[in-house]
Amino acid sequence: MAAYFAALDPMTLVRALPGNVAQGIIWGIMALGVYITFRILDFADLTVDGSLATGGAVAVMLIRAGVNPALALVFAFLAGMAAGFVTGVLHTFFGIPGILASILTQIGLYSVNLGIMGKSMVRNLMKAGYEVSIYTRTKSKVEDVIAEGAVWCDTVADCSKGRDVVITIVGYPKDVEEVYFGENGILENADKGTYVIDMTTTSPKLDQQIYEEAKKRGLHGLDAPVTGGDSGAKAGTLTILVGGDKEDFDTCLPVFEAMGKAINYEGKSGNGQHTKMCNQIAIAGALAGACEAMVYAKNAGLDVDVMLKSISTGAAGSAQMNNVASKAAKDDYAPGFFLKHFIKDMSLADEEASERGTKLDVLEDVLGICKKLEEEGMGDLGTQALIKYYEK
């Protein structure tokens, strides 16, 4: 590292340029060094930001005090590294937002009923230091999070104005259209420069449309569906699949980090939703397979719990077997994820596949079974209710 800085020879720059220009160049060199080092170490963006702010201030202070610029650069680099480390520790272990996170402080979150997922996401955003404004169709259902510090808004429009970020997580594509478009929608009422993030699992084409309309209005659109269910939302460990412009993803990363652990940039607008379609396609087969194994075990006279524990640690193990199907073995059908919403997701995936000339036999079979269960009044049960089809 010392050889690297020696090769840059900042003293030559200082002798050749006016003082203010030299300061800027030295600050830039120091910043680049800190940034590259932290990237190599795979530190979060917020630690990089903390390093640049601290290191840059140290560099300017020392140069103005007459310290040799090369020495000032070394001290600034060390100070920046120390600040980045402290920032990372505070964020990772104590949930304190970094300097970059503080740029986006005002968040508006709209949900149809702020139910299984939404409340936990709001709580985690508030824990991370964000001021969160919320709107749902039924205020009485969110009195608890309002009491905890969320700010109530009377309309979608009010929830969109004056926010740095507006997040939506609703039920169906028609709900997404309703809240984004029209004179009372998000796109018409969000301030220029606002980041609008749809975390609903919805049509990729719809979120691409939102992205294009947002861009026309000087807004930044991202599609960011999640997976991980109610337990992931509560624990702040959701997997978040993001599509849109990379620079917008980078800016919003601290917001995503407040709600999830596996934050994945999938590429252009709509790619987050396409990745979520892949997720739901894979779940359909895994969940059906687990349910069929349980029915077979029962008919073969096995202890279903023992069977699940035995095979879940081997090649057959999956999150669906461990966290979802195992609930059915205990006759627990409380929804971590509603069957009716799984039907919606599988229908979207099947539609997208059909448009591309792809036939997904397993998905279609599971979708057909789930639709039959919904017709029998089981749509509000968890997806583990799939086993009821096999138990008939």
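Residues numbered from 1 in each chain as written. Predicted model: local features only at pLDDT ≥ 70, side-chain atom pairs only at ≥ 80, totals over all residues. Heavy atoms only, no water.

Engineer: Would you explain the overall build of the chain in this entry?
Structural biologist: On a plain count of helices and strands, the chain comes out with 19 helices and nine strands. Pairs at least 24 residues apart make up 69% of the contacts formed inside the chain by residues separated by at least 6 positions. (Helix = DSSP H or I, 4+ residues; strand = E, 2+ residues; numbered from the N terminus. Contact = heavy atoms within 4.5 Å.)

Engineer: Explain the nonpolar core here, please?
Structural biologist: A general trend in soluble globular proteins is that nonpolar side chains are found buried together. The biggest cluster of nonpolar side chains holds 52 residues, and the ones touching the most others in it are Leu125, Ile167, Ile197, Met199, Ile240, Phe256 and Met259. Core analysis: the second largest hydrophobic core is formed by 36 residues, Leu348, Leu360, Val366 and Leu373 among them. (Core = buried A, V, L, I, M, F, W, Y, C linked by side-chain atoms within 4.5 Å. Buried < 20%, exposed > 50% of the residue type's maximum accessible area, 1.4 Å probe, protein only.)

Engineer: Before we go on, may I ask you to explain a nonpolar patch on the surface in this structure?
Structural biologist: A cluster of nonpolar residues, Leu71, Val74, Phe75 and Leu78, forms a patch on the protein surface that exposes about 350 Å² of accessible area. Mapped onto the secondary structure, leucine 71 falls in helix α5 (residues 69-94). A relative accessible area of 43% places leucine 71 in the partly exposed class. (Patch = residues over 30% accessible without salt bridge, like charges linked within 9 Å, V, L, I, M, F, W, Y side chains within 5 Å. Areas by Shrake-Rupley, 256 points an atom, 1.4 Å probe, with all protein chains shown as cover. Salt bridge = Lys/Arg side-chain N within 4 Å of Asp/Glu carboxyl O.)

Engineer: Where do I start with the environment of serine 203 in this structure?
Structural biologist: When you line up the elements, serine 203 lands in the loop between β5 (195-198) and α11 (204-216). Between the C-alpha atom of serine 203 and that of glutamate 351, which follows or precedes it by 148 residues, the distance is 9.3 Å. Here the side chain of serine 203 touches lysine 205 through a polar contact of 3.2 Å, landing on its backbone nitrogen. (Polar contact = N/O pair within 3.5 Å; in protein donor to acceptor, adjacent residues only side chain to side chain.)

Engineer: Where do I start with the packing of helix α15 (residues 304-311) against helix α16 (residues 319-329) in this structure?
Structural biologist: Relative to each other, α15 and α16 sit at 170 degrees, their axes nearing to 10 Å. Classified by the angle their axes make, α15 and α16 are roughly antiparallel. Residue-level inspection shows Val304, Asp305, Leu308 and Ile311 of α15 in contact with α16, the latter providing Met321, Ser326 and Ala329. (Axes fitted to C-alpha atoms, helices over the stretch in contact; angles between N-to-C directions. Parallel < 35°, antiparallel > 145°, perpendicular 65-115°, else oblique.)

Engineer: Sorry, what's going on with the packing of aromatic side chains here?
Structural biologist: How two aromatic rings sit relative to each other is given by the distance of their centres and the angle of their planes. Taken as a whole and judged by the stated rule, the model has five aromatic pairs. Seen from their ring centres, phenylalanine 249 and phenylalanine 256 are 6.3 Å apart, and the 25 degrees between their planes marks the pair as stacked. Here phenylalanine 249 and phenylalanine 256 have matching classes, each one buried. Ring geometry for phenylalanine 249 and tyrosine 265: centres 5.2 Å apart, planes at 40 degrees, overall tilted. On the criterion of sequence distance, the pair formed by phenylalanine 249 in helix α13 (residues 246-257) and tyrosine 265 in strand β9 (residues 260-267) is long-range, its members being 16 residues apart. Through successive ring pairs, a cluster of aromatic residues spans Phe249, Phe256 and Tyr265. Above the face of the tyrosine 265 ring, lysine 246 is positioned so that its terminal group lies 5.9 Å from the ring centre. (Phe/Tyr/Trp six-rings, centres within 6.5 Å; stacked < 30°, edge-to-face > 60°. Lys NZ or Arg CZ within 6 Å of the ring centre and 35° of its normal.)

Engineer: Got a minute to help me understand the environment of glutamate 188 in this structure?
Structural biologist: Topologically, glutamate 188 is positioned in helix α10 (residues 186-189). The exposure class assigned to glutamate 188 is partly exposed, which follows from its relative accessible area of 45%. Separated by 26 residues in the primary sequence, glutamate 188 and alanine 214 place their C-alpha atoms 9.2 Å from one another. Residues in contact with glutamate 188, not counting those within four places in the same chain, are Gly182, Glu183 and Arg217. Within the local environment of glutamate 188, its side chain forms a polar contact with the side chain of arginine 217, the two groups lying 2.9 Å apart.

Engineer: Just to check I follow, could you spell out α13 for this structure?
Structural biologist: In an α-helix, one turn spans 3.6 residues; hence positions three or four apart end up facing the same way. Taking 1.5 Å per residue as the helical rise, α13 with its 12 residues ought to reach 16 Å, and the 16 Å between its terminal C-alpha atoms agrees with that figure. The set of residues buried in α13 consists of Asp248, Phe249, Cys252, Leu253, Pro254, Val255 and Phe256. (Expected span 1.5 Å × (residues − 1).)

Engineer: What am I meant to see in helix α6 (residues 118-127) here?
Structural biologist: For α6, the buried fraction is high: eight of the 10 residues fall into the buried class. Count one or two residues on from α6 and you reach glycine 129, which has phi positive near 100 degrees.

Engineer: Explain the pattern of salt bridges to me, please; I cannot follow it from the model alone.
Structural biologist: Side-chain pairs of opposite charge can arise whenever the charged atoms involved come near each other. As enumerated under the stated definition, the model contains 18 salt bridges in all. Lysine 119 is the salt-bridge partner of aspartate 144, the closest N and O atoms lying 3.0 Å from each other. Highlighted residues: aspartate 144 in helix α7 (residues 143-147) and lysine 119 in helix α6, separated in sequence by 25 residues. A salt bridge links arginine 217 to glutamate 213, with the nearest nitrogen and oxygen atoms 3.0 Å apart.

Engineer: Sorry, what's going on with the packing of helix α17 (residues 339-355) against helix α18 (residues 361-375) here?
Structural biologist: In the contact formed by α17 and α18, the axes pass within 10 Å of each other and the chain directions differ by 145 degrees. The crossing of α17 and α18 is left-handed. Where α17 approaches α18, its residues Leu339, Lys340, Phe342, Ile343, Met346, Ser347, Ala349 and Asp350 are matched on the opposing element by Leu363, Glu364, Val366, Leu367, Cys370, Lys371, Leu373 and Glu374. Residue composition of the contact of α17 with α18, by class: 10 nonpolar, one polar and five charged. (Left-handed = near helix turned anticlockwise from the far one by under 90°. Nonpolar A, V, L, I, M, F, W, Y, C, P; charged D, E, K, R; others polar.)

Engineer: Explain the side chain of glutamine 273 to me, please; I cannot follow it from the model alone.
Structural biologist: With respect to the secondary-structure elements, glutamine 273 resides in helix α14 (residues 271-299). Residue classification places glutamine 273 among the buried positions, given a relative accessible area of 0%.

Engineer: Looking at this model, I keep getting lost on the environment of lysine 309. Mind explaining?
Structural biologist: The topology assignment puts lysine 309 in helix α15. Classification of lysine 309 by relative accessible area gives exposed; the value is 64%. Linking lysine 309 and asparagine 322, residues 13 residues apart in sequence, is a C-alpha distance of 8.4 Å.

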